[in-house]
Structure formats: structure tokens, C-alpha cells
Amino acid sequence: MKLSAEVALKLLQINAIRLSPQNPFTWASGMLSPIYCDNRLTLSYPGIRTFITEAFATAAEQFAPFDYVAGVATAGIAHGALLAQHLEKPFVYVRPSKKDHGRQNQIEGKISPGDSVLVIEDLISTGGSSLKAVDALRDEGCVVRGVLAIFQYGFAEARQRFAEHNCPFDTLSDYETLISAAAQQGTLGETDLTLLGSWHLDPRAWTPQSTLET
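Our subject in this report is the structure included herewith. The shown structure was predicted, so the numbers you read here are calculated from the model rather than taken from an experiment. (Residues numbered from 1 in each chain as written. Predicted model: local features only at pLDDT ≥ 70, side-chain atom pairs only at ≥ 80, totals over all residues. Heavy atoms only, no water.)

Notes on the pattern of salt bridges
Now for step 1: Applying the stated criterion across every chain, the model contains 4 salt bridges.
Now for step 2: A salt bridge links R40 to D38, with the shortest nitrogen-to-oxygen separation between them at 3.0 Å.
Now for step 3: Of the charged contacts in the structure, one is a salt bridge between R204 and E157, with a shortest N-O distance of 2.8 Å. Separated by 47 residues along the polypeptide, R204 in the loop between α7 (190-201) and α8 (208-213) and E157 in helix α5 (residues 156-164) bring together distant segments of the chain.
Now for step 4: Residue classification places R204 among the exposed residues on the basis of a relative accessible area of 59%.
Now for step 5: Several salt bridges converge on common partners, so that one network encompasses E157, R161 and R204. (Salt bridge = Lys/Arg side-chain N within 4 Å of Asp/Glu carboxyl O. Helix = DSSP H or I, 4+ residues; strand = E, 2+ residues; numbered from the N terminus. Buried < 20%, exposed > 50% of the residue type's maximum accessible area, 1.4 Å probe, protein only.)

Encoded structure:
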């Protein structure tokens, strides 16, 4: 079994990813979605947590060499720290913005201009939070080798934004692999698959009703 499919099945197994095409979730943005992803749940399962860390270590080889691992706050912090420990590399994490008190840090931990960094994120949707971290590190003179995450939705918007930032990225699994794995388990009917496919084509305008009425 391919690693991406194995990751997808483990995420489904612990409900880190939930699929509900006919009764969709509402994201913070207000957008309706047939999928909800909370990869922080992997931290509560030692076996899966170790599996994810080892999968990250293998995938990180494509970005080598790098001096530091940086986690994106907040969901990428734990995964980044686990990977840094596994690789015996120093770790920092990056806030969405500078603190408004104390030392007003955006990057927490010791890092210097010229250091090369691999950024770890839990999920890539449009790429916004990841690329904020990339910009913050570059503003400090660091060299960002790339961004690595557990899962991505495969949105064209994300690919475009990463390309505009000249920042490579990769994920351990992705939306299409996940849907294929779920379908093979027999947990999705034809209507579910139709809804999941239509959402991925136009997520901002999608509703179950508009899909089923066409």
C-alpha cells in the first residue's frame, strides 16, 4: 500500500478526518464542506503519532539539507517538535503575527539569518497560514527549503500561492487519495462520491442541493 493511502486510512480510522457529504460541515470562513480535518487527534494515539513522525522524516529527505525544523502555530507545533526530536535538529515555531507584549516575537526559539528551515504544518487548505510562516522566516534572513504537512485538499489556489512564493511543498496524503481509500472501504455511496467530487471542483460555491439538483 502506498504511504499516502496508509496515512489516509489511519486518519479516517481515528476520525481525524470525517466525511459527511449530505450533511456538510461549516468552516470558520462560512464555507460548506463535506470534509472536516483535525489532525491534532493523531497526537492522542501513540502508534499513529509515531507513524506520522516517521513518515514526515522520510518525506523530509526531499528538502534536505536543512538546519532547523519550524512548526506553524498552533497545530504544526507538536508535529514539528516530534520531527525535530526524531531528526535531532533544533526546533522553533512561528506565530501568525508578532506578540503585542514582551519581546514581541513572531518566531519562538533561537534561529539566525542564513539558517535553512523545513516548515511543518498539519493541514494545507489555501496555504495562507503556512506562507505567513514562510514570510516571517524569510524576513529574519532564513532560507526556507519548503513546507511539509500531513494533509492537503489539493486546491488550485494553494498550488498557485506556493508557486508565487517560490516555495515547494508536499503532504503525506491528499484529498483524492483519501476519497479513494474511503470508497474502497465501502463507506461511501454513489451520491456521496458525486457530492465529494463536485465540492472539490468548486468548493466556494458548493452546496449539496445545487449538486443534486443538476
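Focus on helix α1 (residues 3-13)
Now for step 1: Among all positions of α1, only S4, A5, V7, A8, L11 and L12 are buried. The arc that holds the buried residues of α1, viewed along the axis, is 160 degrees, so those residues lie on one side.
Now for step 2: Residues of α1 that are buried make contact with β1 (17-19), α2 (46-60), β9 (143-152), β10 (169-174) and α6 (175-184).
Now for step 3: Trailing α1 by a residue or two, N15 shows a phi angle of about 65 degrees, which is positive. (Arc of directions from axis to C-beta. Contact = heavy atoms within 4.5 Å.)

Details of the sheet that holds strand β7 (residues 107-108)
Now for step 1: What the 6 strands build is an open sheet, ordered β7-β6-β5-β8-β9-β10; its pairing is mixed. Looking at the sheet topology across the chains shown, the edges are occupied by β7 and β10.
Now for step 2: As defined by bridge partners, β9 adjoins β10 across 5 bridges and the pair is classed as parallel. Bridged to A149 within β10 is T171.
Now for step 3: Across the face of the sheet, α1 comes into contact with β9 and β10 while running at roughly 60 degrees to β10. (Pairing = 2+ DSSP bridges. Axes fitted to C-alpha atoms, helices over the stretch in contact; angles between N-to-C directions.)

Digging into the side chain of E121
Now for step 1: If you trace the backbone, E121 turns up in strand β8 (residues 116-124).
Now for step 2: Buried within the structure, E121 lacks any salt-bridge partner; its nearest side chain of opposite charge belongs to R40, at an N-O separation of 9.4 Å.
Now for step 3: Among the polar contacts listed, one links the side chain of E121 to the side chain of S129, at a separation of 2.8 Å.
Now for step 4: The residues contacting E121, other than those within four sequence positions of it, are F56, V72, G76, S129, S130, V147, L148, A149 and I150. (Lys, Arg positive; Asp, Glu negative; His and termini not counted. Polar contact = N/O pair within 3.5 Å; in protein donor to acceptor, adjacent residues only side chain to side chain.)

Details of the packing of aromatic side chains
Now for step 1: Under the definition given, this model contains 9 aromatic pairs.
Now for step 2: Relative to Y153, the ring of W27 has its centre 5.2 Å away and its plane inclined at 35 degrees; by these criteria the two rings are tilted. Taken together, the residues span a long stretch of sequence, with W27 in the loop between β2 (25-26) and β3 (32-33) and Y153 in the loop between β9 and α5 at a distance of 126 residues.
Now for step 3: Through successive ring pairs, a cluster of aromatic residues spans W27, F151, Y153, F155, Y175 and W199.
Now for step 4: Geometry around F51 places K10 over its ring, the cationic atom sitting 4.9 Å from the centre. (Phe/Tyr/Trp six-rings, centres within 6.5 Å; stacked < 30°, edge-to-face > 60°. Lys NZ or Arg CZ within 6 Å of the ring centre and 35° of its normal.)

Brief notes about the environment of H200
Now for step 1: As for its placement among the helices and strands, H200 is situated in helix α7.
Now for step 2: For the pair H200 and A156, spaced 44 residues apart in the sequence, the C-alpha separation amounts to 9.9 Å.
Now for step 3: In this view, H200 contacts Y153, G154, F155, Y175 and E176; residues no more than four positions away in its chain are not counted.
Now for step 4: Engagement of the side chain of H200 in a polar contact is seen with the backbone oxygen of Y153, the distance being 2.5 Å.

Remember, this is a structural readout, not a statement about activity or role.
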